[in-house]
Amino acid sequence: MKKIVSLLSLSFLLGLAACSTVDEDTNEGADTSDDDAEAADSVWEEIQETGTLVVGTSGTYAPVTYHEDNELTGFDVELVREIADRLGVEAEFTTMDFDGIQPALRNGQIHLAANDFAITEDREEAFELTEPYKFSYGSVIVRAEDADRFETARDLEGVPVALGSLTSNYAQFAENIGADGSAYDGGTEAILRDVINGNRDAYLNDVLVLQRTVEEFGDDRLVVADQVKYHATESVMMMEKGNTDLKEAIDEAIAELHEDGTIAALSEEFLGADVSEPADTDEIVGLDGE
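Not measured: the values here are computed from a predicted model. (Residues numbered from 1 in each chain as written. Predicted model: local features only at pLDDT ≥ 70, side-chain atom pairs only at ≥ 80, totals over all residues. Heavy atoms only, no water.)

(A) Highlighting the overall build of the protein. Looking only at helices and strands, the protein features ten helices and twelve strands. Considering the protein as a whole, with its 290 residues, one finds that 47% of them fall into the buried category. For the protein, contacts bridging at least 24 residues in sequence account for 74% of all contacts bridging at least 6. When the accessible surface of the protein is totalled, it reaches about 14700 Å², and 45% of it is carbon and sulfur. (Helix = DSSP H or I, 4+ residues; strand = E, 2+ residues; numbered from the N terminus. Buried < 20%, exposed > 50% of the residue type's maximum accessible area, 1.4 Å probe, protein only. Contact = heavy atoms within 4.5 Å. Areas by Shrake-Rupley, 256 points an atom, 1.4 Å probe, with all protein chains shown as cover.)

Structure representation (structure tokens):
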């Protein structure tokens, strides 16, 4: 009988130990979640303490972010510098491939991503987004002889088109519209050469970026097909999910820069137009191709 009691006691103790283990694991999970939230909330405090806002950008997307005389500049770059100045910190830029910017944000390499990111559902779910600071839409560069070939963006179905990145909203549009998209890693010159040579029939991107690209490339065999309008965009900067204090600080700075005309002036300088107000969306095909 004593032996049976001992076995029962042992079973009871083991059961307690098992319950204790589950509770501890559960508590540890909760603590980890709380720690993550606290870490996210403390990012803005750390930036204020160090005086440095680390920003990820490609540096290869003129006139938004590019190098001139070995100095990083562009619409987004100079806007970030204005934001940092309002926040009383210094902007420290880290250049990387466009497709590497979002992973860098997730793993904590950078505080802020600035590269003309349009608002998408996926980005809203994965990151904190600032208030919009640039409003535009997409268009295409084509050969001058094909200037009237495409009446609307829907005519791009089945057409071989060039893209700057497979993760861009323009790549998503190309897929939705049924275009034959191909991404280029070597910058816009290779893209434009392929359009001229007939390897691609169009290059998809932001209309203002395309206009400046054609102007600077200086080859009258290429034009922007102005009648092709698609995917009205609202551009934002992105932060890791949960960095709400940093988002609020940057949003406040963006609001001030909207109000005092700084954003309008920078967009006129780099993009050749005021992009600080929503674009006229008449006849603009949506991102889903409808």
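(B) Representation of helix 9 (residues 244-259). For helix 9, spanning 16 residues, the distance from its first C-alpha to its last is 22 Å, which sits close to the expected 22 Å at 1.5 Å a residue. Taken together, the buried positions of helix 9 are Leu246, Lys247, Ala249, Ile250, Asp251, Ala253, Ile254 and Leu257. Backbone geometry just after helix 9 places glycine 261 at a positive phi near 85°. (Expected span 1.5 Å × (residues − 1).)

(C) View of helix 7 (residues 188-197). Those residues of helix 7 lying buried are Ile191, Leu192, Asp194, Val195 and Ile196. Looking at the buried side of helix 7, the elements it contacts are strand 7 (134-143), strand 8 (160-163), strand 10 (202-206), helix 8 (207-217) and strand 11 (222-224). Glycine 198 sits one or two positions beyond helix 7 and adopts a positive phi of about 90°.

(D) Molecular detail of the side chain of arginine 212. One can find arginine 212 in helix 8. Judged by its relative accessible area of 16%, arginine 212 is buried. Arginine 212 has contacts with Pro63, Glu269, Phe270, Leu271 and Gly272, leaving out every residue within four places of it along the chain.

(E) Geometry of the packing of helix 2 (residues 43-50) against helix 9. Closest axis-to-axis distance for the helix 2/helix 9 pair is 6 Å, and the angle between their directions is 60°. Contacts between helix 2 and helix 9 pair Val43, Trp44 and Ile47 from the former with Asp245, Leu246 and Ala249 from the latter. When grouped by side-chain class, the residues that make up the contact of helix 2 with helix 9 number five nonpolar, no polar and one charged. (Axes fitted to C-alpha atoms, helices over the stretch in contact; angles between N-to-C directions. Nonpolar A, V, L, I, M, F, W, Y, C, P; charged D, E, K, R; others polar.)

(F) Structural context of the packing of aromatic side chains. Summed over all chains, the structure comprises four aromatic pairs. Here the aromatic rings of phenylalanine 75 and tyrosine 133 are separated by 6.1 Å at their centres, their planes lie at 45°, and the arrangement is tilted. Residue phenylalanine 75 is found in helix 3 (residues 75-87), and its partner tyrosine 133 is found in the loop between strand 6 (127-129) and strand 7; the two are separated by 58 residues along the sequence. Here phenylalanine 75 falls in the buried class, since its relative accessible area comes to 0%. Through successive ring pairs, a cluster of aromatic residues spans Tyr170, Phe173 and Tyr230. (Phe/Tyr/Trp six-rings, centres within 6.5 Å; stacked < 30°, edge-to-face > 60°.)

(G) Local environment of the side chain of threonine 73. Note on placement: threonine 73 falls in strand 3 (residues 71-73). Excluding residues that lie within four positions of it along the chain, threonine 73 makes contacts with Val64, Thr65, Tyr66, Glu68, Glu78, Arg81 and Phe270.

(H) Region of interest: the environment of glutamate 49. Mapped onto the fold, glutamate 49 is located in helix 2. Judged by relative accessible area, glutamate 49 falls into the exposed class, the value being 68%. Between the C-alpha atoms of glutamate 49 and valine 89, which are 40 residues apart in sequence, the distance is 9.3 Å.

(I) Geometry of the pattern of salt bridges. With the rule as written, the count across this model stands at twelve salt bridges. Put simply, lysine 134 and aspartate 206 hold a salt bridge, and the shortest N to O gap is 2.8 Å. Within this pair, whereas lysine 134 is found in strand 7, its partner aspartate 206 is found in strand 10, the two being separated by 72 residues in sequence. For the salt bridge of arginine 143 with aspartate 146, the shortest nitrogen-to-oxygen distance reads 3.1 Å. Residue classification places arginine 143 among the buried residues on the basis of a relative accessible area of 11%. Judged by its relative accessible area of 12%, aspartate 146 falls in the buried class. A network of salt bridges, in which partner residues are shared, links Arg143, Asp146, Arg149 and Asp201. (Salt bridge = Lys/Arg side-chain N within 4 Å of Asp/Glu carboxyl O.)

(J) Spotlight on unusual backbone geometry. Between alanine 62 and the following residue, proline 63, the backbone shows a cis peptide bond with an omega angle of 0°. Residue placement: proline 63 occurs in the loop between strand 1 (52-57) and strand 2 (66-68). A positive phi angle, close to 55°, is found at aspartate 69, a residue other than glycine. In this structure, aspartate 69 sits in the loop between strand 2 and strand 3. The class for aspartate 69 is exposed, based on a relative accessible area of 72%. Despite not being glycine, aspartate 116 shows a phi value in the positive range, around 55°. What makes aspartate 116 buried here is its relative accessible area of 9%.

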